[in-house]
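Structural overview
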Amino acid sequence: MAFPEIENEFRTTTRLLLGTELKDIDDYGEWLGRRVPLPSLSKSILSGKEVWLPPPLSFRNTCFTTKRVISMEEMDEVNKSTFSPHDLKDASVDGIVQKFIMPVVYVAGNFRYQEHKNVEKCSGAGGGLNLYYGEDLYLGIKNVAYSNYALYCENMFGCHAVLHSKFCIHAYNSTNITRCFEVDGCANSSDLYFCHNCEGMSNAILCFNAKNLRYAVGNVEVGPDEFARIKKMLLGHVANELKTKKMLDSDIYNVG
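First things first, this report covers the structure right here in the doc. Predicted model only: the values in this text are computed from it and were never measured.

Each value, and the rule that gives it
- Residues numbered from 1 in each chain as written.
- Predicted model: local features only at pLDDT ≥ 70, side-chain atom pairs only at ≥ 80, totals over all residues.
- Heavy atoms only, no water.
- Core = buried A, V, L, I, M, F, W, Y, C linked by side-chain atoms within 4.5 Å.
- Buried < 20%, exposed > 50% of the residue type's maximum accessible area, 1.4 Å probe, protein only.
- Helix = DSSP H or I, 4+ residues; strand = E, 2+ residues; numbered from the N terminus.
- Contact = heavy atoms within 4.5 Å.
- Pairing = 2+ DSSP bridges.
- Disulfide = S-S within 2.5 Å.
- Patch = residues over 30% accessible without salt bridge, like charges linked within 9 Å, V, L, I, M, F, W, Y side chains within 5 Å.
- Areas by Shrake-Rupley, 256 points an atom, 1.4 Å probe, with all protein chains shown as cover.
- Salt bridge = Lys/Arg side-chain N within 4 Å of Asp/Glu carboxyl O.
- Polar contact = N/O pair within 3.5 Å; in protein donor to acceptor, adjacent residues only side chain to side chain.

**Here we look at the nonpolar core**
Core analysis: the largest hydrophobic core is formed by 35 residues, its most contacted members being W31, L32 and F181. Those elements giving two or more residues to this core turn out to be helix 1 (4-18), helix 2 (29-32), strand 6 (124-151), strand 9 (166-184), strand 10 (187-199) and helix 4 (224-245). Per-element tally for this core: the top contributor is helix 4, with six residues. Discounting chain neighbours no more than four positions away, the residues touching F181 are L18, W31, I169, H170, L192, Y193, F194, V238 and L248. One finds V119, M156, A171 and C198 within the second-largest nonpolar core, a separate group that totals 27 residues.

What follows is the structure, encoded as structure tokens:
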């Protein structure tokens, strides 16, 4: 179960983006994590404690063995070698690997960096607070969950590869965006819904490969009133589907 701080910020962000509050973030976990590489749970071979490991995407699509897992704070316990230079004399390359390397190779999860507070279910995180279920969540970051690779971000949920952004749900490969929902490849924009490859935009719905538009739908500027009418219909549908199914069938990658 997520800690109270992340639950509160999830409610705040959904209210801001969708006009309605969603609560109990883990109930929406399948939806939030649908397009996001998330960590997997293992156990330390030394202590039996929970250890969260990076997803395969982070390491050349290679899955880690779960037989040699430790938590970051346990590294000192396995860093001391019992071998001497004399042991290497006349050893073959294969012998060195089998005798000297394999016994001391471990996978370290639960990686933490700089100061941090309220960090749970993260394979790699630090330099921030209120981080829940993610990988590569670092530096000037707070209130982020179900996300992978987010730096200098605030209130981001279900996001992947985002920088200097805040109050977004399902934002991907984007930089310096605010209050965005289901966007990919966007930059220097705010209040976008279901947009791809947009830059310098504000208040846009279903816009693609566009720049510097305001109150736009389908790459056409429609003005504040018409935009508000269409946005109300869209968010009504989104909120109803999420509340009833805990899932939204449409996203930025299949909306077309």
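**So, the pairing of strand 9**
The buried fraction of strand 9 is high, at 14 of 19 residues. Relative to strand 9, strand 7 (residues 154-157) runs parallel, the two sharing three bridges. Residue pairing for strand 9: M156 is matched across the bridge by C168. Sheet analysis places strand 8 (residues 160-163) next to strand 9, joined by three bridges and oriented parallel. Its bridge partner being in strand 9, L163 is matched across the sheet by T175.

**Focus on the state of the cysteines**
Applying the stated criterion across every chain, the model contains zero disulfides. Considering cysteine sulfurs only, C153 is the nearest to C122, which forms no disulfide, with 14 Å between them. Its relative accessible area of 0% is what places C122 among the buried residues. With no disulfide of its own, C168 lies 4.7 Å from the sulfur of C180, the closest cysteine sulfur.

**Observations concerning a nonpolar patch on the surface**
A contiguous nonpolar surface patch, about 190 Å² in accessible area, is contributed by L206, F208 and V255. Summarising the element assignment, F208 is placed in strand 12 (residues 208-211). What makes F208 partly exposed here is its relative accessible area of 30%.

**Remarks on the environment of H170**
Here H170 shows up in strand 9. Look at H170 and you get buried, because its relative accessible area is 1%. The spatial distance from the C-alpha of H170 to the C-alpha of D251 is 8.4 Å, given a sequence separation of 81 residues. The residues contacting H170, other than those within four sequence positions of it, are W31, L32, F157, G158, C159, F181, E182 and V183. Here E182 takes part through its side chain, which lies 2.6 Å from a polar atom of the side chain of H170.

**Re the side chain of S165**
Position of S165 among the secondary structure elements: in the loop between strand 8 and strand 9. Once residues lying within four places of it in the same chain are set aside, the contact partners of S165 are Y152, C153, E154, M156, S174, T175, N176 and I177.

**Details of the pairing of strand 8**
Note that strand 6 and strand 8 share three bridges and pair parallel. Note that in strand 8 the partner of L151 across the bridge is L163.

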